[in-house]
2 protein chains.
Amino acid sequence: MANDEPVNTGEVNDEQVTPEAISELAKRRGFFFGSSEAYGGVAGFYTMGPQGAALKGNVESAWRDRFAVKEGNQEIEAPTIMPEPVFEASGHLDGFDDMLVECGECGESHRADHLIEDETGIEEAETLPIPEVEALIEEHDLRCPNCGASLAGRPVEDFNLMFETSIGPGSGQTGYLRPETAQGIFVEFGRLKEYARNQLPFGVAQIGRAYRNEISPRRGLIRTREFTQAELEQFVDPERDEPSLDDVRDVEVRLYPATEQEKEGGDYLETTIGEAVETGVVANEWIAYYLGIAKRWFERVGVDADRFRYRQHLPGERAHYASDCWDAEAELGSVSASGDAADRLATDPSAGDWVEIAGFSYRTDYDLSKHGEHADESFTVFEQYDEPKTVERAVVDPDMSALGPEFGAEATDVADALRDLAALDPDAFGGDEVVVEIDGEEYAVPTDVANFRVEEQTESGEHVTPHVIEPSFGVDRTVYTVIAHAYARDEVDGETRTYLRFVPEIAPTSVAVFPLLSNDESLTALAGEIADDLREAGLSVAYDDSGNIGRRYRRQDEIGTPFCVTVDPEGVEGTGPETATVRERDSTAQIRVPVDELADELAAVRRGRKTFDDLRAAYGAVETADA
Amino acid sequence: MANDEPVNTGEVNDEQVTPEAISELAKRRGFFFGSSEAYGGVAGFYTMGPQGAALKGNVESAWRDRFAVKEGNQEIEAPTIMPEPVFEASGHLDGFDDMLVECGECGESHRADHLIEDETGIEEAETLPIPEVEALIEEHDLRCPNCGASLAGRPVEDFNLMFETSIGPGSGQTGYLRPETAQGIFVEFGRLKEYARNQLPFGVAQIGRAYRNEISPRRGLIRTREFTQAELEQFVDPERDEPSLDDVRDVEVRLYPATEQEKEGGDYLETTIGEAVETGVVANEWIAYYLGIAKRWFERVGVDADRFRYRQHLPGERAHYASDCWDAEAELGSVSASGDAADRLATDPSAGDWVEIAGFSYRTDYDLSKHGEHADESFTVFEQYDEPKTVERAVVDPDMSALGPEFGAEATDVADALRDLAALDPDAFGGDEVVVEIDGEEYAVPTDVANFRVEEQTESGEHVTPHVIEPSFGVDRTVYTVIAHAYARDEVDGETRTYLRFVPEIAPTSVAVFPLLSNDESLTALAGEIADDLREAGLSVAYDDSGNIGRRYRRQDEIGTPFCVTVDPEGVEGTGPETATVRERDSTAQIRVPVDELADELAAVRRGRKTFDDLRAAYGAVETADA
């Protein structure tokens, strides 16, 4: 039906889709903008305007639905301020640093690794040791981006990225704003395992703010000092628990393994989750499972699969806790994925401007073990065996009446040392005499005094420190990606139109309702009723009766509203059921739908159960200009 | 139908409903608990467990629905860290203090006003000046609650309640964790008014974390250092804009006006919003409007109207920005509102343990004026008049050829001073000579040289600094209130049962689904399908097949799940449609419902369109014991 799209002549120049264009639209229409600009602003802090807050809320709801509800995981909400001992245990107090170099002339601070990456061909400079970074600055004669002074010879220092504060009056207690939501889950493991009835595997999710005191924030919403994470900590017994890999075996993924990154001209691996596991490219099945689940989820919220890949961390790049890590990366450059650009993006990993939007880490038992060492609680789960196990265990039962006279005050220590030795090295009891060491002193004991023997013991289970698989999503970066991948321009009625192709589920406004004329009571009354009906059906609705209809359509196009319902005289005249037109954003095609079917139909599209094409087939098109 | 409740013999001893009992249940079942207890904890920080996070999420959604969506207001999301100049302007840097007294013996810090309130009969001690507080400590010989040492003679100091941190490396920039979400709205007023198309009135809502570095947090979730606020800033032209008072005229409210609080034995005023406005008890119509909207909302989420009141702030108690303020207060003591206790609560304002859960402030133009003075932007709205206005304006047009020779270098300043004087005091130009003052020096000018005249000017509108009405809700306190008011005990099958009477809209779990027997495939398969159907209908569903059915009911009772659906052999036998039983939490009554009608019926109850009694009338009761 060519007459469905009488005015929409398709896409125009993709080069207009720049980060600056997105940022301008974001400010003007209320998606996001730098905070406190009336006071000159502070780098790294952004406010979500009404459209952005709604979009972000929808992305969070979709994440919750997928990673908490559908996976059967718990969700919690922990404070953002945590006490110092937590970060001593987690390793953040010592290891959560960036490399800082301060200009000797203007005093401006810079990330030394970024300067090197920007000015030399070197990648992942953050993995280099500090002396090497200082040498590279000297060698390449790197200069202050602010004032141009040479940075050669300036010291490079570790700068801890946590925001510090003081809890309570006086000397108080040192606290930090959490650098990741994860620690708020780990420290409560003792309770959380009880809520999960002490059964592995179980997962705990959290959506909330996290903070990093970046040395020099850049790229707008991409690298901020305050941001929202959606994290899932999946606790498993690595020797026993398996994910439902069958659910995601067929999911297609574009992988960029570490081995390919290390090669000259390395390639993507276009594969499926099932194959990736079979060939061992993704070593951990839980990581593979969540790569599959997440790939589907990113497509669900409108991330363009052609501008999406999974990149494995290089060995030197991994965080202190991770044994393997894959990043979900989105392409956010100005190159739109069509034609030659799309071909290059699909085949050349060095093409495009890729940004991490989620990470999938196999953290092993690092977190719970560390907290177990530092805190007053156990961070283990007692796992019952299916059947009680009989194990052979070497034991001693030292004859104190012999040890006492021989070793005096040390007799008890010697007995303890014999017990420890029996557990560690039963063979040591093979001869006539056994030697134990206490505080550097050796004590020889006749073996028969130790009463060594091997006993059979029955055990009903064991204490296991769970391993952690962590899918961690940057919500703001995902929101930015969704906007960037939705941003489009075409020509309608001879004029360039900007619109956002949000999927219905995450669009800030699901439907806009217009009376064609604002001074016609029969139209405005019906439009008001329709708006109420649609809201009642759970849709987010905008009502607009000002300006000509073309301008009203454009306004909704720019905020990505998928559907506009217009009440026109034709729909209320005559004796048949009242009707209204429904205009679809991307095609600008219109159909006419009975008013009392609108709510059900549009709610079905919002939930992904129907498409606009289904409605078009059911109701037939309307020939009309989009103005 | 007495046989509907064969086993539930009604309420038992109310005295068991203590804050300690609530706190114990909250920990055990995963509502909330003190954070980081594995590290000894930090006073004033709480984590919401799975049940609490879900409950809180539902309360936030209900708030958003009412105060953002239904009111047609925008919602935004601002950062929690803001730069120092914002709080210089807002007054928080100077005025957001509590009175601190430190024990000279043990070093423990205390709120001086709280000590006075606890140990003397004095109320609202925070309104007293510091010297008076010091004198009262001496006079009553107040002692350190920690070690018992005398506090007489110890200095009382102002302690600022904002958490401070440093943004960026080096000397950086001082930032504070916001003490209220409101400032994140005010500083962005310039953009927000554009999104509202520069039309007053408009409202901007925000739900998010706020922080107060309390000297000595107490009462668990009631006074914490990190908490969630839901705030609405309603911007109005006080001379022109009016709320839709008709929508709330009939809402009944229990008011405790300042005048009654100041009387010996003052009384409640049981009235309606309409009457309260007519009699002037509530002076501002916008405040009255939101008191009405909020009263209905609190009842909607399950706050007990018998344990709810609005208390007006005493003049000395109001924040620095407020011209009038009413608090919503909930009664949270151990006294349940039944029998004599209810009578006393209803008639004696001094009875019960009342806690503020929301505040309704008329902030006038304080906030926007202050930011207008401190920031680089205008915080006004240009309001077009309906018709252009003609106004008389005194003007001068000084003759510089006369002023120049007379005043030399000061001539321009003299001319400016004449212009200012004409606007301020036209009468000064009545004589032959007019005198202006510049930097303390007087200059006499012949009036005819000033060329004074009164002109008619046409103005199309004016710049107005909007006034702000702020309904501000403590989300965590509301959540606590909802739990406390839902907490109940009765006797079922001869055993005491604890249950939470949450309304269906905010219950963490809407429905639990059980197969009666976990080893019968026909029951588990159908139960699984029902659970999927209910989830698809937007309900929060728990599936449980472990333990006897009575224990499963109790577990759901304790987390406040309104309905349990049980699939039993009777429902799957025979040739008729499959059925399942639905058990209602409070009455423990059961009905039998066809499986394919379950989702629609329970979703209707969740949305408040039907009640369980409607279902009982439609389907008839089942006679069964609750075990």
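It should be emphasised that the depicted structure is a prediction, and the values quoted were computed from it without experimental measurement.

### Let's talk about the overall build of chain A
Helix and strand counts for chain A stand at 22 helices and 30 strands. For chain A, the spread of C-alpha atoms along the principal axes amounts to about 115 × 65 × 55 Å. Scored against the burial criterion, the 627 residues of chain A give a buried share of 55%. When contacts within chain A are restricted to residue pairs at least 6 apart in sequence, those whose partners lie at least 24 apart make up 70%. If the 55 positive side-chain charges of chain A are averaged to one point and the 132 negative ones to another, these points end up 8 Å apart.

### Points about the packing of aromatic side chains
Centre distance and the angle of the planes are the two values used to describe a pair of aromatic rings. Tallying each qualifying case throughout the model produces 56 aromatic pairs over all chains. Arranged with centres 5.1 Å apart and planes meeting at 80°, the rings of Phe308(A) and Tyr310(A) form a pair that is edge-to-face. The exposure class of Tyr310(A) is buried, given its relative accessible area of 1%. With 5.1 Å between their ring centres and 45° between their planes, Phe298(B) and Phe308(B) make a pair best called tilted. Pair noted here: Phe298(B) is in helix α11 (residues 285–300) and Phe308(B) is in strand β15 (residues 308–312), with a separation of ten residues, a long-range link. Here the aromatic cluster, defined as three or more aromatic residues joined through ring pairs, consists of Trp63(A), Phe67(A), Tyr289(A), Tyr290(A), Trp297(A), Phe298(A), Phe308(A), Tyr310(A), Phe360(A) and Phe473(A).

### Overview of the relation of the copies chain B and chain A
At an RMSD of 0.1 Å, chain B and chain A line up after a rotation of 180° and a shift of 0.0 Å along the axis. Expressed as a symmetry operation, the mapping of one chain copy onto the other fits a two-fold axis. Rotation axis and chain B: the residue whose C-alpha lies nearest the axis is Thr165(B), separated from it by 2.7 Å. Interface overlap between copies: 100% of the residues of chain B at the interface are likewise at the interface in chain A, consistent with a symmetric, same-surface contact.

### Focus on a negative patch on the surface
Residues and elements named next belong to chain A. A cluster of acidic side chains, namely Glu410, Asp413, Glu437, Asp439, Glu441 and Glu442, defines a negative patch on the protein surface. With respect to the helices and strands, Glu442 occurs in strand β20 (residues 441–446). Classification of Glu442 as exposed rests on a relative accessible area of 59%.

### Considering the interface of chain B and chain A
With 73 residues of chain B in contact, the opposing surface of chain A contributes 73 residues. Taken together, the two surfaces of chain B and chain A that pack against each other cover about 5800 Å², and 55% of this comes from carbon and sulfur. Our count for the contact surface shared by chain B and chain A stands at ten salt bridges. Notably, a salt bridge pairs Lys56(A) with Glu77(B), separated by 2.6 Å at the nearest N-O pair.

### Some words on the domain arrangement of chain A
As assigned here, chain A comprises domain 1 (1–26 + 509–627) and domain 2 (386–462). Its C-alpha centre places domain 1 of chain A at a distance of 82 Å from the equivalent point of domain 2 of chain A.

### Observations concerning the pattern of salt bridges
All names here are of chain A. In the structure shown here, the tally under the stated rule is 106 salt bridges over all chains. Ionic pairing is found between Asp476 and Lys56, a salt bridge with its closest N-O pair at 3.2 Å. Of this pair, Asp476 sits in helix α17 (residues 475–486) while Lys56 is found in helix α2 (residues 50–69), placing the two residues 420 residues apart along the sequence. We note that Asp476, like Lys56, is buried. We note a salt bridge from Asp416 to Arg419, for which the minimum N-O separation is 2.9 Å. With Asp416 and Arg419 both in helix α15 (residues 411–424) and three residues apart, the pair spans about one turn of that helix. Each of Asp98, Arg111, Asp113, Glu126, Glu214 and Arg223 takes part in one network of salt bridges that share partners.

### Regarding the sheet that holds strand β30 (residues 621–622) of chain B
Residue and element names in this part refer to chain B. Taking strand neighbours across the sheet as the criterion, the six strands line up as β26-β25-β27-β28-β29-β30 in an open arrangement whose pairing is mixed. A single partner strand is all that each edge strand has here, and the edge strands are β26 (541–543) and β30. Across two bridges, strand β29 (residues 590–594) lies against β30 in antiparallel orientation. Paired with Ile591 across the two strands is Ala621, which belongs to β30. Those strands touched by helix α19 (residues 549–559) are β25 (511–515), β26, β27 (563–567), β28 (579–584) and β29, and its axis lies near 170° from that of β25. Sitting on the sheet, helix α22 (residues 612–619) touches β27, β28, β29 and β30, and the angle it makes with β29 is about 70°.

### Points about unusual backbone geometry
Across the junction of Leu200(A) and Pro201(A), the peptide omega takes the value -10°, indicating a cis bond. Note that Pro201(A) resides in the loop between α8 (189–195) and β11 (202–211). The backbone phi angle of Asn451(B) is positive, close to 50°, even though this residue is not glycine. Relative accessible area serves as the criterion here: at 37%, Asn451(B) is assigned to the partly exposed category. One non-glycine residue with positive phi stands out, namely Asp493(B), at about 55°.

### Digging into the side chain of Glu231(A)
Residue and element names in this part refer to chain A. Mapped onto the fold, Glu231 is located in strand β12 (residues 226–236). Buried Glu231, no salt bridge; nearest opposite-charge side chain is Arg363, N-O distance 5.3 Å. Among all residues touching Glu231, those that are not within four sequence positions of it are Trp63, Glu180, Thr181, Ala182, Val204, Ala205, Gln206, Glu470, Pro471 and Ser472.

### Observations concerning the pairing of strand β29 (residues 590–594) of chain A
Side chains on a regular strand alternate between the two faces of the sheet. Residue and element names in this part refer to chain A. Counting buried positions along β29 yields five of five residues, so the element is predominantly enclosed. Burial of β29 is two-sided: the residues Gln590, Arg592 and Pro594 facing one way and the residues Ile591 and Val593 facing the other way are all buried. With five bridges connecting them, strand β28 (residues 579–584) and β29 associate as antiparallel partners. Paired with Thr581 across the bridge in β29 is Arg592.

### Focus: the pairing of strand β15 (residues 308–312) of chain A
All names here are of chain A. When you tally the buried positions in β15, you get five out of five residues, the bulk of the element. Burial along β15 is two-sided: the residues Phe308, Tyr310 and Gln312 and Arg309 and Arg311 are all buried. Taken together, the two bridges between strand β13 (residues 252–256) and β15 define a ladder with parallel strand orientation. Considered in β15, the bridge of Leu255 is made with Tyr310. With five bridges joining them, β15 and strand β16 (residues 324–331) adopt antiparallel strand pairing. The partner of Arg311 across the bridge, within β16, is Asp327.

### With respect to the packing of α2(A) against helix α11 (residues 285–300) of chain A
Residue and element names in this part refer to chain A. The N-to-C vectors of α2 and α11 enclose an angle of 145°; their axes lie 11 Å apart at closest approach. The handedness of the crossing between α2 and α11 is right-handed. Here α2 contributes Val59, Ala62, Trp63, Asp65, Arg66 and Phe67 to the contact with α11, which in turn contributes Tyr290, Ile293, Ala294, Trp297 and Arg300. Considered class by class, the residues forming the contact of α2 with α11 number eight nonpolar, no polar and three charged.

### Focus on the sheet that holds strand β7 (residues 109–111) of chain B
Residues and elements named next belong to chain B. Taken in spatial order, the three strands make up an open sheet running β7-β6-β8, and their pairing is antiparallel. Because the sheet does not close on itself, it has two edges, and the strands there are β7 and β8 (156–160). The average undirected angle you get between the axes of adjacent strands in this sheet is 45°. Of the strand pairs in this sheet, strand β6 (residues 97–102) and β7 are connected by three bridges, and their pairing is antiparallel. Among the inter-strand pairings, Glu102 is bridged to a residue of β7, identified as Ser109. On the sheet, helix α5 (residues 112–119) packs against β6, β7 and β8 and is oriented at approximately 65° with respect to β7. Most of the contacts of helix α6 (residues 130–139) go to β8, to which it runs at about 125°, and overall it touches β6 and β8.

Rules used in this analysis
Residues numbered from 1 in each chain as written. Chains lettered and ligands numbered in written order. Predicted model: local features only at pLDDT ≥ 70, side-chain atom pairs only at ≥ 80, totals over all residues. Heavy atoms only, no water. Helix = DSSP H or I, 4+ residues; strand = E, 2+ residues; numbered from the N terminus. Buried < 20%, exposed > 50% of the residue type's maximum accessible area, 1.4 Å probe, protein only. Contact = heavy atoms within 4.5 Å. Lys, Arg positive; Asp, Glu negative; His and termini not counted. Charge placed at Lys NZ, Arg CZ, Asp CG, Glu CD. Phe/Tyr/Trp six-rings, centres within 6.5 Å; stacked < 30°, edge-to-face > 60°. Least-squares fit on C-alpha atoms with pLDDT ≥ 70 in both. Patch = residues over 30% accessible without salt bridge, like charges linked within 9 Å, V, L, I, M, F, W, Y side chains within 5 Å. Areas by Shrake-Rupley, 256 points an atom, 1.4 Å probe, with all protein chains shown as cover. Salt bridge = Lys/Arg side-chain N within 4 Å of Asp/Glu carboxyl O. Buried area = accessible area lost by both parts, 1.4 Å probe. Domains from an automatic or database assignment. Pairing = 2+ DSSP bridges. Axes fitted to C-alpha atoms, helices over the stretch in contact; angles between N-to-C directions. Left-handed = near helix turned anticlockwise from the far one by under 90°. Nonpolar A, V, L, I, M, F, W, Y, C, P; charged D, E, K, R; others polar.

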